[in-house]
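Working through the structure, step by step
Chain by chain, the residues:
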Amino acid sequence: MVIVTKPGTSDEQILKIRKEMESQGFIIHESRGENFCVLGVVGDTASFDVRNLLIHECIDKVLRVQEPYKRANRLFHPEDTVVDVQGVKIGGNKVQVIAGPCSVESEAQICEVAEDVKKSGATLLRGGAFKPRTSPYSFQGLREEGLDLLKIAREKTGLPIVTEIMSPYMIERFVEDVDVIQVGARNMQNFELLKELGKTKKPILLKRGLSATIEEWLMSAEYIMSGGNDNVILCERGIRTFEQYTRNTLDLSAIPAVKKLSHLPVIVDPSHAAGLWWMVEPLAKAAVAVGADGLIIEVHNDPEHARCDGAQSLKPDRFDNLMNSLRIIAGAVGRTI
Ligand code: PEP
Ligand code: MN
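Quick caveat: nothing in here was measured; it's all calculated off a predicted structure.

**Let's talk about the overall build of the protein chain**
When you go through the protein chain residue by residue, the secondary structure sums to ten helices and 14 strands. Expected size for 337 residues packed as a compact globule is a radius of gyration near 20 Å; at 22 Å, the protein chain falls within 12% of this value. Dimensions along the principal axes, computed over C-alpha positions, put the protein chain at roughly 70 × 45 × 40 Å. Burial status across the protein chain gives 55% buried among its 337 residues. Taking the intrachain contacts of the protein chain between residues at least 6 apart in sequence as the baseline, contacts between residues at least 24 apart amount to 68%. Both charge centroids of the protein chain, one from 41 positive and one from 46 negative side chains, sit 1 Å from each other.

Here is the structure:
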């Protein structure tokens, strides 16, 4: 529930309303604009009689909020959130591009790809060390060794590293070694993992679940934020539909929808959406055009022999061309890249 006060309401009157609500067990989140104050009421308001509040003359309106997420909601936080990753700002005017292989395979591979994507303008390096594979017989990632190799690539290029966590028992190591902790689509509703990540201050890249609604996705963000970690970056990576031609169906409409509903930055992963390298460029362009704050793109120096997701990986020269065309799209929507 939300209480909106009339312009010119005094601090004293606002405090009085806060106290009244708090005495009934509600938690209040206050957000002030230039002329008005919005009080977000957290708690079970189902049996609360709204008319009791309208007795206060200073209250303009009381709205029942349908969305069950509060911290991720733009209503209580009208300004865009900008997540700072070692000085790389995600959610600001510059569209940030995270690039790198699906999985870390060797020191030479990750370092070569890191150098290449950096030259082309990527500002963060991706690479999976712990891989969530459908089959237990597929390559599972280099695990801890993969993290060590990512650190070497970071050391050489200065690019902050983004990598996926699969289990709460690895959190300490990830907090120590990684710049952005990725929660993959398959773990979007691993609530115990989300709760533990909420206790850290690390930027979290939260991918949309395979069949998750926008509301479920934002509720997962809410799990992390309710623990005290507001550094959440959302990532649309395609959802499961009846269509089989592409790996997933990129839900481009989710970008403007999430931007309207939430203040959190939202980026797009065209690689896992399409599953096909030649579709990555058009989808990446579309994502920037609809307002994505960034992209995460798979790039491999030898996709034919990649241990994971070679078919959707761009070669470094194609990635370079893509970055050049994205600059034009970004410029057309008033952003830089
Ligand atoms: C990945 O980014 O390597 C990955 C496994 O993505 P997703 O969780 O979106 O499938
Ligand atoms: Mn992949």
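**Some thoughts on a nonpolar patch on the surface**
Residues Tyr245, Trp277 and Trp278 make up a contiguous nonpolar surface patch of roughly 370 Å² in combined accessible area. By secondary structure assignment, the location of Tyr245 is in the loop between strand E12 (232–236) and helix H7 (254–261).

**Digging into the domain arrangement of the protein chain**
Domain annotation for the protein chain reports domain 1 (2–63) and domain 2 (83–332). Between domain 1 and domain 2, the C-alpha centre-to-centre distance is 39 Å.

**Here's the deal with the sheet that holds strand E14 (residues 294–298)**
Pairing is parallel around the closed barrel formed by eight strands, whose spatial order is E7-E8-E9-E10-E11-E12-E13-E14. Going from strand to strand, the sheet's axes swing by 30° on average, the running direction of each strand aside. In the sheet, strand E11 (residues 204–207) pairs with E12 via four bridges, with the strands oriented parallel. Each bridged residue has a counterpart across the sheet, and for Ile204 the counterpart in E12 is Val232.

**Here's the deal with the site of ligand 1**
Taken together, Arg126, Lys131, Pro132, Glu164, Gln182, Gly184, Ala185, Arg186, Lys207, Arg237, His272 and Glu298 make up the full set of residues near ligand 1. At 2.8 Å from an oxygen atom of ligand 1 is found a side-chain nitrogen or oxygen belonging to Lys131. At a separation of 3.4 Å, an oxygen atom of ligand 1 approaches a polar side-chain atom of His272. Expressed as a share of its isolated accessible area of 290 Å², the protein-covered part of ligand 1 is 97%. For the shell around ligand 1, a count of residues per class yields two nonpolar, three polar and seven charged.

**A few points about the side chain of Asp179**
For Asp179, the position within the fold is in the loop between helix H4 (171–177) and strand E10 (180–183). There is a polar contact of 3.0 Å between the side chain of Asp179 and the side chain of Gln86. In terms of polar contacts, Asp179 uses its side chain to reach the side chain of Arg154, at 2.8 Å. Ignoring anything within four residues of it in the chain, the contact list for Asp179 reads Val85, Gln86, Arg154, Pro160, Ile161, Lys202 and Pro203.

**Description of the pattern of salt bridges**
Using the criterion set out here, one finds 23 salt bridges in the structure. The shortest N-O distance in the salt bridge between Lys89 and Asp84 comes to 3.2 Å. For Lys89, a relative accessible area of 42% translates into the label partly exposed. Across the salt bridge formed by Asp293 and Arg335, the nearest N and O atoms sit 2.8 Å from each other. Taken together, the residues Asp293 in the loop between helix H9 (277–289) and E14 and Arg335 in the segment after helix H10 (316–332) connect sequence positions 42 residues apart. Classification of Asp293 as buried rests on a relative accessible area of 2%. Because the salt bridges share partners, they merge into one network encompassing Asp11, Arg18, Glu22, Glu30 and Arg32.

Scoring rules and cut-offs
Residues numbered from 1 in each chain as written. Chains lettered and ligands numbered in written order. Predicted model: local features only at pLDDT ≥ 70, side-chain atom pairs only at ≥ 80, totals over all residues. Heavy atoms only, no water. Helix = DSSP H or I, 4+ residues; strand = E, 2+ residues; numbered from the N terminus. Rg over C-alpha atoms; globule rule 2.2 N^0.38 Å. Buried < 20%, exposed > 50% of the residue type's maximum accessible area, 1.4 Å probe, protein only. Contact = heavy atoms within 4.5 Å. Lys, Arg positive; Asp, Glu negative; His and termini not counted. Charge placed at Lys NZ, Arg CZ, Asp CG, Glu CD. Patch = residues over 30% accessible without salt bridge, like charges linked within 9 Å, V, L, I, M, F, W, Y side chains within 5 Å. Areas by Shrake-Rupley, 256 points an atom, 1.4 Å probe, with all protein chains shown as cover. Salt bridge = Lys/Arg side-chain N within 4 Å of Asp/Glu carboxyl O. Domains from an automatic or database assignment. Pairing = 2+ DSSP bridges. Axes fitted to C-alpha atoms, helices over the stretch in contact; angles between N-to-C directions. Near = heavy atom within 4 Å. Polar contact = N/O pair within 3.5 Å; in protein donor to acceptor, adjacent residues only side chain to side chain. Nonpolar A, V, L, I, M, F, W, Y, C, P; charged D, E, K, R; others polar.

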